[in-house]
Amino acid sequence: MPVQLLKIIKGKSEPPLPSHLQREDLKHLHAGLDYTNKYFQGVVILSYPQTKLGDGTDFFKIVLQDNSCARIDSINILIYGKMADDCAKVIRNGDTCIVAGFKLAKSPTAREDGRHGCHLEVSEEAGSAIYIYAQPSTTTASETASVSVAPKYAYTPLNHLKDGTIVNLYGIVKFFKPPYVSKGTDYCSVVTLVDQSNAKLTCTLFNGNLDSLPKIYKIGDIVRFHRIKIREYNGQMQGITSSGFASLTFDGTVGTPVVPRTSSKAYTFMDEEEKTVEELRIWAASNLPISGPAAKLSGVRPMLFFDLTCQLVGKAKVDGSSFLLKVWDGTKCPYPTWRIPVEARDLEGEKSLLHRLRNLTVDILAYDNHVQLAKSLKIGSFLRIYSIHTKQASAENEDVSHVEFHLHGGTCYGRGIGVLPESHPDVKELKTFLESVELADSQSVDSMSSLELDSTCNSIAVLTDHQDLSNTELKTIRNSRAPQQYRIRAKLKTFKPQKLYQSVKLHCSKCNSLQEVPNGDTFDLILQECAVTPSNPELHSTSWYESVMWTTQDQKQRKITIHFVKHDEMLLYPEDTLLMIEGGTSKEIWKLTRRFKCVIPVRSTKNDLELLDLSAPFLLQGKVKYYGCKQCSTLKPIKNLSSLAAEPRPSWEPTEIAQALGIEPLQYVFIMKFTLVDGTGALNAYLFDYEKFFQIPASEILSNNFLQQKMQMTMNTLSPPGRKLDDLPWLECFIKSYNITDGNKQQVYYQIFDTTVAEDVV
DNA sequence: GTTTAGGCTTTG
């Protein structure tokens, strides 16, 4: 059969290719050689319309690209006669094609098309054969019902795109405009991609159906486009939707589940695709700028542009060119915000909710091209509004200025509105948070928001232990000798760091050193280095642990070894089990922490398992990485863990594990500098806090968004941004003075102690 | 069959 469709099942061709055929690379194709038993394989990147030659012979020309990534990576295939007709019926761009029994001839167009100097000629008469690994149609579900078929799509790196081709590709979103109403008949979305080749591609995507455009929610998302047309525009390659265009979108965060977002009912997505996404994520994490934490209304400052994830509570038409959206995100904007007057009958939304949340919602005015989309939004839906402008202004009848929220017309900087699905993790998180805020709100006595209370109440009680002490003025404290303890009443004029996540450090209580929390990349790097050393089989399955080894399914075929520390309940309660792992990635390790109590990364030496470098966590439990002090730790044999395991129900406390391993554990701590004033003077007091002050464990804040929001709100309450000194609330707290000798200079420092921010303040 | 927009710029 000269033209045959093949399938790939479990990585093997089905039916198999004739065994006498051998593959030949593009670079080995030279005129004059014998190719009787050779075949060439490539991906169809271009096919010309089928025509008839002067003598009536059918003729069909396609271009195949190999995966060599060489300068010349494509070749023309000329197909004659019945074979041309057969091929034209089935071959589509993106198919993988095998050509056997070809004749090699000089290509007359090589100079113009930049392809291989020769072309391949095939026909039934010459005894040629063509095998095709076809892509399934993405439009009908029935065709993908033949499940065992693994269709072979080829993906073009962004630096190998050629004008006039239709390709499949992957990319990381570097810039995007959420779908907006174009001046034509369709929605439009502009997406700029990058990949490991560092090449960029801007794609202009059109579709009359909003749902058919890629569901990109933030920069860093990863997309897979099928059948996108490549054109040259202004000297650069440009992508544009072609018929049959389909897309998948993935979250770009390393370690999150690889779940495609798409409107396609039928699509292929398997291990290989998952691998590609994960590789792009890892590349992006180390090669592209990381975005900071998402903005919240509590973090809003005047005169900036930001993206807001929020829920729509109300909407109203204002005039022909602007539309009002009332939204909230559960946090309170620290500034007075503007209220856009609208007719009550124009305001859509649940009246009681609008009233109840009146101090937490903000008015956003959407202009011009955004009006149509804004109008169509459903009350209660979750939105991400991109590039909102905050503007400070004051009306004539106002004493203080307010902040206005504008979504200006146009789409530059990706300005626009995106609707997030309920399944989006950010929405799930926001929902939980909003519910907790509403609950707290409904519980407050006078149905006044607790957040509103503190802004009207002028003095904040910061609860302390030593209620017997009386207040001392700051001036008196500054003029006194250290060390002493005081109760003070003061205002928090300013504090550092302003970026709250920067306040978390690691502290060694033995040598009193402080260090930054290593970032995730350091851990990945150490794991990568360790993975080079193979696990020593002689150390597997001893008296106190059971070892299991396996090979990863990906191309790298990595070996991972897990040593389960034995104890009675091991099989009954995986959630109580401690395990040691060799050769895993941080993602795999995090996955294990979800199932098991403790995970200790180790590596093999000749004689024993040992911990990794102490720049890596010695233990992972829950969402927390536990680190040890490099100076103060004297590592003990890993076998010491067996004595802990011998206990009937081991608690696996990090401190106990650290002790058994000879590790001096580092503790997570908040370090902040508070500048306090009280009218008699000012002083800087340090906050050194594991948990007590904010009622938030410092160890958990880096992995918990709720806690980060809680902390931000606490700081906004203690020091509302943009407020004059007179309007700041009073705080009561304890400070102690102490001496630090630096050379022969002695200096007095102050530290906040025994102070807790009262529950009802936040 | 094939317009729309074509990011590198924001402001009522």
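Above this text sits the structure in question.
Residues numbered from 1 in each chain as written. Chains lettered and ligands numbered in written order. Predicted model: local features only at pLDDT ≥ 70, side-chain atom pairs only at ≥ 80, totals over all residues. Heavy atoms only, no water.

**Focus: the protein's contact with DNA strand B**
- Lining the immediate environment of DNA strand B, one finds 31 residues, of which Lys177, Lys200, Phe305, His389 and Tyr413 sit closest.
- Considering the 4 Å shell around the protein, atoms of DNA strand B inside it are sugar or phosphate in 31% of instances.
- The separation between a base nitrogen of DNA strand B and a polar side-chain atom of Thr192 is 3.0 Å.
- Gln238 is positioned such that a nitrogen or oxygen atom in its side chain is 3.0 Å from a base nitrogen of DNA strand B.
- Of all elements in the fold, only strand 14 (187-194), strand 15 (200-207), strand 16 (222-233), strand 17 (236-250) and strand 21 (382-393) reach the threshold of two or more residues within the surface near DNA strand B.
- In terms of residue count, strand 15 provides more of the surface near DNA strand B than any other element does, four residues in total. (Near = heavy atom within 4 Å. Polar contact = N/O pair within 3.5 Å; in protein donor to acceptor, adjacent residues only side chain to side chain. Helix = DSSP H or I, 4+ residues; strand = E, 2+ residues; numbered from the N terminus.)

**A short note on the pattern of salt bridges**
- Considering all chains together, one arrives at 21 salt bridges under this definition.
- One salt bridge in this structure joins Glu732 and Arg487, with 2.6 Å as the shortest N-O distance. Here Arg487 lies in strand 26 (residues 484-496) and Glu732 lies in strand 38 (residues 730-742), a separation of 245 residues in the sequence. For the pair shown, Glu732 and Arg487 are each scored as buried.
- Close ionic contact of Arg489 with Glu732 constitutes a salt bridge, the shortest N to O distance being 4.0 Å. With Arg489 in strand 26 and Glu732 in strand 38, this pair connects stretches of sequence that are 243 residues apart.
- You can call Arg489 partly exposed: its relative accessible area is 31%. (Salt bridge = Lys/Arg side-chain N within 4 Å of Asp/Glu carboxyl O. Buried < 20%, exposed > 50% of the residue type's maximum accessible area, 1.4 Å probe, protein only.)

**A short note on the side chain of Arg281**
- On the secondary structure map, Arg281 appears in helix 4 (residues 271-287).
- The buried charged residue Arg281 lacks any salt bridge, with Asp251 as its nearest oppositely charged partner at 5.0 Å.
- Among the polar contacts made by the side chain of Arg281, one reaches the main-chain carbonyl oxygen of Pro257 at a distance of 3.4 Å.
- If near-sequence neighbours (up to four positions away) are discounted, Arg281 is found in contact with Ile222, Asp251, Gly252, Thr253, Val254, Gly255, Thr256, Pro257 and Val258. (Lys, Arg positive; Asp, Glu negative; His and termini not counted. Contact = heavy atoms within 4.5 Å.)

**Thoughts on the environment of Ser123**
- By secondary structure assignment, the location of Ser123 is in strand 10 (residues 118-123).
- You can call Ser123 buried: its relative accessible area is 12%.
- The spatial distance from the C-alpha of Ser123 to the C-alpha of Phe102 is 8.0 Å, given a sequence separation of 21 residues.
- Excluding residues within four positions of it along the chain, Ser123 makes contact with Tyr80, Met83 and Ser128.

**Digging into the pairing of strand 39 (residues 745-753)**
- Bridge analysis of strand 37 (residues 682-689) against strand 39 gives three bridges, and the strand direction is parallel. Residue pairing across strands places Ala685 opposite Tyr750, the latter belonging to strand 39.
- Count of turn residues in the strand 38/strand 39 antiparallel hairpin: two residues, of which Gly743 carries a positive phi of about 65 degrees. (Pairing = 2+ DSSP bridges.)

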